[in-house]
Amino acid sequence: MLPMDTPSITVRTGHPDFLDLPWSRSITEWDLSSRLRLPKGISRHEVHFYGFPEGIFAVKELPLRAARREWEMLRALEDSGAPVVRPVGIVERPWVDPGAEEAAVVITSYLHHAFSYRELLSGWGFAERRNQLLDAFAGLLVELHLLGCFWGDCSLSNVLYRYDAGAIEVTMVDAETASMYGALSEGQRREDLEIMVVNVAGGMADIAAEQGVDLDDADLYLGEDIARRYEGLWAEVASQVVIPRNEQYRVTERIARMNELGFEVVDLELVPAGDGHHLRMDFTVGGRTFHSRRLRELTGVDASEHQARQILSDLRAFEARTALTQPTRRELSAILWRIEQFEPTLERIRQLPDRHTSDPVQAYCDLLHHRYVASASAERDVPNDEAFEDWVEAGQPGYPIG
């Protein structure tokens, strides 16, 4: 017979079994050498980080019902291609009151190179990063709504942020209030937006209070700005378009525009409309991963969406240069690019004693922009090695803020 304090542990394959952790006690009582004091944002629940040979994992303690919901929603969203932290496991303590904070634990993979919104908003240079943050957050909400996800507690503190070439990437980390539907109604989308506006205003008021800023000077309308950007993007990706039968080239244009925005077009149906001389384009739009998926398919390199867009341009330039002296198939060019240029450059970046960013792929994108600026200034193609030396000497300047 199992002891009363034996937990129920579910862990996805490819990860530690976590059996050696002291699950009989709340994580607030643990004193383990494997705990890592990593930066984290504000959470309504206790969150600790632990290091294992397989990687770093976030351990969050919360009531049983909330834990089960978060576990199920994170898995469903990940399967749908949404930008969420990877759910790894759930631990239930059947001897604890299900409504108590220590009733269960959700384990997720640690998101490297990420930071909280408070670090971004409170840090130097946020005024220049504001547009990036707002566009990224609006894009995340559009992506979730397209998947039929009603968030229910959308706020800046429920996501993590990473620099993504010249943009910011956002990743959902809290899903205990979320629900999935076949499609969201207009009312559900409006409700989610209203919750977001209120939550963001509250978060900005808290930051203003912490910094001793008068409430009148706080950025309380940040959420409303996000909502406006959301509406513009939603109108572009979710609106129905009717075209004349003899203008079906516009289908290609429409798909290209979705891809430019980063969205995958999963399915397309042309339906007769009106007088029979027109067609209605019915799109099923998937995740915002078009360029990152394409880069992974061609090279095996994992990068976030905007990073992938820049790196694909670098790959195309490499292909064009090598084709002049060594005509090869595209698949072989991608392999040569990775072996001869990408991996050696990444290694040089990792070896820098005063590296300015912990993410070598982001640093590579910074270098690409620097190489472009140097080439335009010199009115010639600056080789990668020359650009690298100049970039380091210039202080490893980051990608420009737009």
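Residues numbered from 1 in each chain as written. Predicted model: local features only at pLDDT ≥ 70, side-chain atom pairs only at ≥ 80, totals over all residues. Heavy atoms only, no water.

Before we go on, may I ask you to explain the overall build of the protein in this structure?
Regarding its fold elements, the protein presents eleven helices and 13 strands. Taking 21 Å as the expected radius of gyration for a compact globule of 402 residues, we find that the protein reaches 24 Å, a close match to that expectation. Here the C-alpha coordinates of the protein stretch approximately 70 × 65 × 55 Å along the principal axes. Here the contacts in the protein between residues at least 6 apart in sequence split such that 62% fall between residues at least 24 apart. Counting only carbon and sulfur atoms, one obtains 51% of the accessible surface of the protein, whose full area is about 19900 Å². Taken together, the 41 basic and 66 acidic charged side chains of the protein have centroids lying 4 Å from each other. (Helix = DSSP H or I, 4+ residues; strand = E, 2+ residues; numbered from the N terminus. Rg over C-alpha atoms; globule rule 2.2 N^0.38 Å. Contact = heavy atoms within 4.5 Å. Areas by Shrake-Rupley, 256 points an atom, 1.4 Å probe, with all protein chains shown as cover. Lys, Arg positive; Asp, Glu negative; His and termini not counted. Charge placed at Lys NZ, Arg CZ, Asp CG, Glu CD.)

When you look at unusual backbone geometry in this model, what are you seeing that I'm missing?
It is generally the case that most residues other than glycine have a negative phi and that most peptide bonds are trans. Positive phi outside glycine occurs at His113, with the angle close to 65 degrees. Of note, the phi angle at Glu379 is positive, near 55 degrees, even though the residue is not glycine. Position of Glu379 among the secondary structure elements: in the loop between α10 (360–378) and α11 (384–393). Assessed through its relative accessible area of 76%, Glu379 is described here as exposed. (Buried < 20%, exposed > 50% of the residue type's maximum accessible area, 1.4 Å probe, protein only.)

Could you clarify how one ought to interpret the sheet that holds strand β4 (residues 55–62) in this entry?
Hydrogen bonds along the backbone pair up the strands of a sheet, which may run parallel or antiparallel. Strand order across the open sheet formed by six strands is β1-β5-β6-β4-β3-β2, with antiparallel pairing between neighbours. At either margin of the open sheet sits one strand with a lone partner, and together these are β1 (8–11) and β2 (35–36). (Pairing = 2+ DSSP bridges.)

Which parts of the structure should I look at to understand the packing of aromatic side chains?
One pair of aromatic rings is described through two measures. These are the centre distance and the angle between the planes. Inspection of every chain in the model, using the stated rule, returns 13 aromatic pairs. Judged by centre distance (6.5 Å) and plane angle (20 degrees), the rings of Phe115 and Tyr161 are stacked. Linking Phe115 in the loop between β6 (104–109) and α2 (117–122) with Tyr161 in strand β8 (residues 159–164), this pair joins segments that are 46 residues apart in sequence. A single burial state applies to Phe115 and to Tyr161, both of which are buried. (Phe/Tyr/Trp six-rings, centres within 6.5 Å; stacked < 30°, edge-to-face > 60°.)

What is the right way to look at a negative patch on the surface in this model?
Taken together, the side chains of Glu29, Glu46, Asp97, Glu101 and Glu102 make up a negatively charged region of the molecular surface. Position of Glu101 relative to the elements: it lies in the loop between β5 (87–92) and β6. For Glu101, a relative accessible area of 36% corresponds to the partly exposed category. (Patch = residues over 30% accessible without salt bridge, like charges linked within 9 Å, V, L, I, M, F, W, Y side chains within 5 Å. Salt bridge = Lys/Arg side-chain N within 4 Å of Asp/Glu carboxyl O.)

Just checking my understanding: could you explain the environment of Val88 for this structure?
Mapped onto the elements, Val88 comes out in strand β5. With 84 residues separating them along the chain, Val88 and Met172 place their C-alpha atoms 15 Å apart. In this structure, Val88 is in contact with Thr10, Val11, Arg12, His15, Phe18, Phe57, Trp71, Ile107, Thr108 and Ser109, ignoring residues within four places of it in sequence.

Quick question: what am I supposed to make of the pairing of β6 here?
The side chains of a regular strand alternate between the sheet's two faces. β6 sits mainly inside the fold: six of its six residues count as buried. Two strands pair when backbone bridges link them, and β4 and β6 are joined in this way by six bridges, in the antiparallel orientation. Residue pairing for β6: Leu62 is matched across the bridge by Ala104. One ladder, built from five bridges, connects β5 with β6; its direction is antiparallel. Within β6, the position partnered with Gly89 by the bridge is Ile107.

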